[in-house]
Amino acid sequence: MTKMKKVKKIIIYVLIFLLIVCIGIVLFLDVYPTLGGKPSKEQRVLFEQYDNYANGRFFNEGSESSELSFWDFLDLDSKIAPVSNEGNAVAANELEPIAPIPVSEIDWNVINSDEDSLTWFGHSTFLISIDSKKLLIDPVLGPIASPVSFAGPKRYPYNPDIMETILDDMPSIDAVLITHDHYDHLDYTSILELKSKVAHFFVPLGVSVHLIRWGIPSERITELNWWEETEHQGLTVALTPARHFSGRQLNTNSTLWGGWVILSNNIRLFISGDGGYGTHFNEIGTKYGPFDMALIEGAQYDREWPDMHMTPEEAIQANLDLGGKNMMLMHWGAFTLANHDWKEPIERAIIEAKKKDVNIIAPEIGETVRLDSDLQIPLSLWWELDFDNTR
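Residues numbered from 1 in each chain as written. Predicted model: local features only at pLDDT ≥ 70, side-chain atom pairs only at ≥ 80, totals over all residues. Heavy atoms only, no water.

1. Some remarks on helix 9 (residues 280–288)
Helical geometry: 3.6 residues make up each α-helical turn, so side chains three or four residues apart lie on a common side.
And step 1. Considered for burial, the residues of helix 9 that qualify are His280, Phe281, Ile284, Gly285 and Tyr288. Here the buried residues of helix 9 occupy an arc of 140 degrees about the axis, which is enough to place them on one side.
And step 2. Buried residues in helix 9 make contact with strand 11 (229–232), strand 12 (235–240), strand 13 (259–263), strand 14 (268–271) and helix 10 (312–322). (Buried < 20%, exposed > 50% of the residue type's maximum accessible area, 1.4 Å probe, protein only. Helix = DSSP H or I, 4+ residues; strand = E, 2+ residues; numbered from the N terminus. Arc of directions from axis to C-beta. Contact = heavy atoms within 4.5 Å.)

Given below as structure tokens:
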């Protein structure tokens, strides 16, 4: 066999191999349920009527946000370098807790009572009771925020491990509200476990395709665009703008993202979802504020994506723009998704809150906070407690 023939044969084998890989990727994206679905042609045509949608993608008004691709998310661990936001060296083990985080035993008796309350399960997951209605926000209750079990950001260990039985103990849920379809906000396994307990789902435009693929009937799902609102069992629910992006597969921004306003006769609540700082907070405050409680993300920030997540200082300013009487920092305490110390967000937020005279609360993960109180809760600084040196 001549040298030329050998080269041609090798090229053919390589091309066949690449073809097989491409076919495998296509089949994986098409049949792997965790990835969710894709908006249909009819949905995309419908979305074209909206001002925040063009050429098959939703976009942020007045800004271009950074994006992480599907493959970036799988490889996120390798992208997190041990460098603080200010550029100073940080010990690698400070990117996550050196031992299990001390958390509160969940008091299901209080949660299941008629009192207005909120309970934080880490990151951006909250169980909220308003007017005896149970609302679950961005339920990510599993051990990993990833489409696959063998790669991606893993949840910090908790002491005690309240996540072990949380899905079994969860009461019937009147509504689940999803801010966007990223894996650290919309979890396939959690939805499967919860779907028989949930009466209704509220999602941004396009996100229903994931839920429907996972067996949620379309009549139990309401999709909203920014500034749209609806009534649910006596509550007003509205989707508000955010500066972020979406995507579970190779196609980013095919679904919308946002924050949520929840209004009852006695409580006005805001949930920011993910996103960078912008004038939309002032607009939301003008339309729906002031808020009794604002849950605002201010973590997982990085120099490489300054418009995608707020710094703690920007989160405090966002609360002022919103007219938040009280606020709580979220998007931390569960996963390492950026290159800052895991507890840096709350420490910086508290310093800025004192400067700006903002009442910030920081309950333990699992602790239930009564919303009908004055919310002058002493800061326990639980993240500074001496951990055991063993996991």
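2. Description of the sheet that holds strand 18 (residues 368–370)
And step 1. Taken together, 7 strands build an open sheet; the order of strands is 10-9-8-6-5-4-18 and the sheet is mixed. Looking at strand neighbours, the two that pair on one side only are strand 10 (221–224) and strand 18, the edges of this open sheet. On average, each strand axis in the sheet is inclined to that of its neighbour by 20 degrees, with strand direction left out of account.
And step 2. With 3 bridges joining them, strand 4 (residues 117–120) and strand 18 adopt antiparallel strand pairing. Bridge pairing in strand 18 places Ser117 opposite Arg370. (Pairing = 2+ DSSP bridges. Axes fitted to C-alpha atoms, helices over the stretch in contact; angles between N-to-C directions.)

3. Here we look at helix 11 (residues 344–356)
And step 1. The terminal C-alpha atoms of helix 11, which comprises 13 residues, lie 18 Å apart, in line with the 18 Å expected from a rise of 1.5 Å per residue.
And step 2. Within helix 11, burial applies to Glu344, Pro345, Ile346, Arg348, Ala349, Ile350, Glu352 and Ala353.
And step 3. Elements that come into contact with the buried residues of helix 11 comprise helix 10, strand 16 (327–330) and strand 17 (360–361).
And step 4. Following helix 11 by one or two positions, Asp357 adopts a phi angle in the positive range, close to 60 degrees. (Expected span 1.5 Å × (residues − 1).)

4. A few points about the packing of aromatic side chains
For any pair of aromatic rings, the description rests on two quantities: the centre-to-centre distance and the angle between the ring planes.
And step 1. Per the stated rule, a full pass over the model turns up 15 aromatic pairs.
And step 2. A ring pair is formed by Trp120 and Phe126, whose centres lie 6.5 Å apart and whose planes are at 25 degrees; its orientation type is stacked. This pair shows no difference in class: Trp120 is buried, exactly as Phe126 is.
And step 3. Here the aromatic rings of Trp120 and Trp332 are separated by 5.5 Å at their centres, their planes lie at 45 degrees, and the arrangement is tilted. Of this pair, Trp120 sits in strand 4 while Trp332 sits in the loop between strand 16 and helix 11, placing them 212 residues apart in sequence. The exposure classification of Trp120 matches that of Trp332, with both residues buried.
And step 4. Among the aromatic residues, ring-to-ring pairing joins Trp120, Phe126, Tyr156, Trp332, Trp342, Trp382 and Trp383 into one connected group. (Phe/Tyr/Trp six-rings, centres within 6.5 Å; stacked < 30°, edge-to-face > 60°.)

5. Some thoughts on the pairing of strand 4
And step 1. Residues Ser117 and Thr119 point to one face of strand 4 and Leu118 and Trp120 to the other, with burial holding for every one of them.
And step 2. One ladder, built from 4 bridges, connects strand 4 with strand 5 (residues 126–130); its direction is antiparallel. The partner of Ser117 across the bridge, within strand 5, is Ser129.
And step 3. Where strand 4 folds back on strand 5, the antiparallel hairpin that results is connected by 5 residues, among which Gly122 adopts a positive phi of roughly 95 degrees.

6. Looking at unusual backbone geometry
And step 1. Residues Asn159 and Pro160 are joined by a peptide bond in cis, for which omega reads 5 degrees.
And step 2. For Pro160, the location among the structural elements is in the loop between strand 7 (158–159) and helix 6 (166–169).
And step 3. A cis amide bond, omega -5 degrees, links Gly289 with the succeeding residue Pro290.
And step 4. Inspection of the secondary structure assignment puts Pro290 in the loop between helix 9 and strand 15 (293–297).

7. A word on the pattern of salt bridges
And step 1. On inspection of all chains with the given rule, the structure shows 7 salt bridges.
And step 2. A salt bridge links Arg370 to Glu115, with the shortest nitrogen-to-oxygen separation between them at 2.9 Å. Here Arg370, found in strand 18, pairs with Glu115, found in the loop between helix 5 (108–111) and strand 4; they are 255 residues apart in sequence, far enough to count as distant.
And step 3. Glu115 sits in the partly exposed class, given a relative accessible area of 28%.
And step 4. Residue Arg243 is joined to Asp307 by a salt bridge in which the shortest nitrogen-to-oxygen separation is 3.7 Å. Residue Arg243 is found in the loop between strand 12 and strand 13, and its partner Asp307 is found in the loop between strand 15 and helix 10; the two are separated by 64 residues along the sequence. (Salt bridge = Lys/Arg side-chain N within 4 Å of Asp/Glu carboxyl O.)

8. Thoughts on the pairing of strand 10
And step 1. Bridging between strand 9 (residues 201–204) and strand 10 involves 4 bridges; their strand directions are parallel. Within strand 10, the residue paired with Phe201 across the bridge is Ile221.
And step 2. Once you follow strand 9 into helix 8 (residues 208–213) and on to strand 10, the crossover reads as right-handed. (Right-handed = clockwise from strand over helix to strand, strands pointing away.)

9. Observations concerning the environment of Trp382
And step 1. Inspection of the secondary structure puts Trp382 in the segment after strand 18.
And step 2. Along the primary structure Trp382 and Ile101 are separated by 281 residues, whereas in three dimensions their C-alpha atoms are 8.7 Å apart.
And step 3. Here Ala362 takes part through its backbone oxygen, which lies 3.2 Å from a polar atom of the side chain of Trp382. (Polar contact = N/O pair within 3.5 Å; in protein donor to acceptor, adjacent residues only side chain to side chain.)

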